[in-house]
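As a plain string of letters, each chain reads:
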Amino acid sequence: MVINMILEEDVKQQIKQNFQSELDAGDLMVVEAPPEYYPPLTKLKRNFNDDPHRVYWRSKQCIDFSFIFSFAHNISKYYLHLEDDVTTKQGYATTIKESAAKMTDGFFEMEFSTLGFIAKLFRSEDLLDLAAFHFFNYEEMPVDMLQPVYRRLMTPQSPAPVSHVPSQFQHKGKMSSLK
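Residues numbered from 1 in each chain as written. Predicted model: local features only at pLDDT ≥ 70, side-chain atom pairs only at ≥ 80, totals over all residues. Heavy atoms only, no water.

*Asks:* What am I meant to see in the pattern of salt bridges here?
*Replies:* Pairs can form between side chains of opposite charge whenever their charged atoms are close. Enumeration according to the criterion identifies 10 salt bridges in this entry. The partner of Glu140 in a salt bridge is Lys45, and the shortest N-O contact between them spans 2.5 Å. You can see Glu140 sitting in the loop between α4 (127-136) and α5 (143-154) and its partner Lys45 sitting in the loop between α1 (2-25) and α2 (52-72), a full 95 residues away along the chain. For Glu140, a relative accessible area of 26% puts it in the partly exposed group. A cluster of three or more residues bridged by salt bridges with shared partners is formed by Glu109, Glu111, Lys120 and Arg151. (Salt bridge = Lys/Arg side-chain N within 4 Å of Asp/Glu carboxyl O. Helix = DSSP H or I, 4+ residues; strand = E, 2+ residues; numbered from the N terminus. Buried < 20%, exposed > 50% of the residue type's maximum accessible area, 1.4 Å probe, protein only.)

*Asks:* I tried to follow the packing of α2 against α4 on my own but got confused; where do I start?
*Replies:* Angle between the axes and distance between the axes: these two values describe a pair of packed helices. Contact pair α2 / α4: the axes reach a minimum separation of 8 Å and the direction vectors enclose 160°. Our classification of the angle between α2 and α4 gives roughly antiparallel. Crossing of α2 against α4: the hand is left-handed. Residues Cys62, Ile63, Ser66, Phe69, Ser70 and Ala72 of α2 touch α4, and the partners they reach there are Leu127, Leu128, Leu130, Ala131, His134 and Phe135. (Axes fitted to C-alpha atoms, helices over the stretch in contact; angles between N-to-C directions. Parallel < 35°, antiparallel > 145°, perpendicular 65-115°, else oblique. Left-handed = near helix turned anticlockwise from the far one by under 90°. Contact = heavy atoms within 4.5 Å.)

*Asks:* Would you explain a nonpolar patch on the surface in this entry?
*Replies:* Together, Met29, Val31, Phe71 and Ile75 make up a nonpolar patch on the protein surface, roughly 330 Å² of accessible area in all. Within the secondary structure layout, Ile75 lies in the loop between α2 and β1 (78-82). A residue is classified by how much of its surface remains accessible, and Ile75, at 44% relative accessible area, is partly exposed. (Patch = residues over 30% accessible without salt bridge, like charges linked within 9 Å, V, L, I, M, F, W, Y side chains within 5 Å. Areas by Shrake-Rupley, 256 points an atom, 1.4 Å probe, with all protein chains shown as cover.)

*Asks:* Which parts of the structure should I look at to understand the sheet that holds strand β5 (residues 162-163)?
*Replies:* Strand-to-strand pairing in sheets goes through backbone hydrogen bonds, with the strands running parallel or antiparallel. The strand order β1-β4-β3-β5 describes an open sheet built from four strands, whose pairing is mixed. Bordering the open sheet on either side are β1 and β5, each of which pairs with just one other strand. Sheet analysis places strand β3 (residues 109-111) next to strand β4 (residues 119-123), joined by three bridges and oriented antiparallel. When the bridges of β4 are listed, Glu111 appears paired with Lys120. (Pairing = 2+ DSSP bridges.)

Purely spatial values, then, with no claim about function.
Encoded structure:
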């Protein structure tokens, strides 16, 4: 794990070097889950007969998402969950703001990309429950499979997310965190 620690320190230094003014202004927050937040990630269920390395990765991802949902629950009215390797469509921020404003009856989840968990908007008031669900089901299935289950439980009258077409984000996918 020394390689990961070196990589993490390198990334932290790059962020400080390239975004110091944004960090100082409070426009950018970089958070890392403390090790004690994680339950044991050993002897995990292999529900889909996945390779043990993949089972570890997807279980950890559920806990990572749980942590960030918990962290972000009271920062703003909405929380936009983005993958770290996406490109944006011009005007995406305006599109998202206008789409959320049109939802006068509220919504549980809005998708701004049609693939997996690339770009999803949640109301911050829903994040703690979402965090708990992902935390307690971390070894059951991957995040992108857990999310529809949770959505059906929370909104049985409307189990599909509100999807915005065309997609506002494109996944670049040059490097997988699974490797």
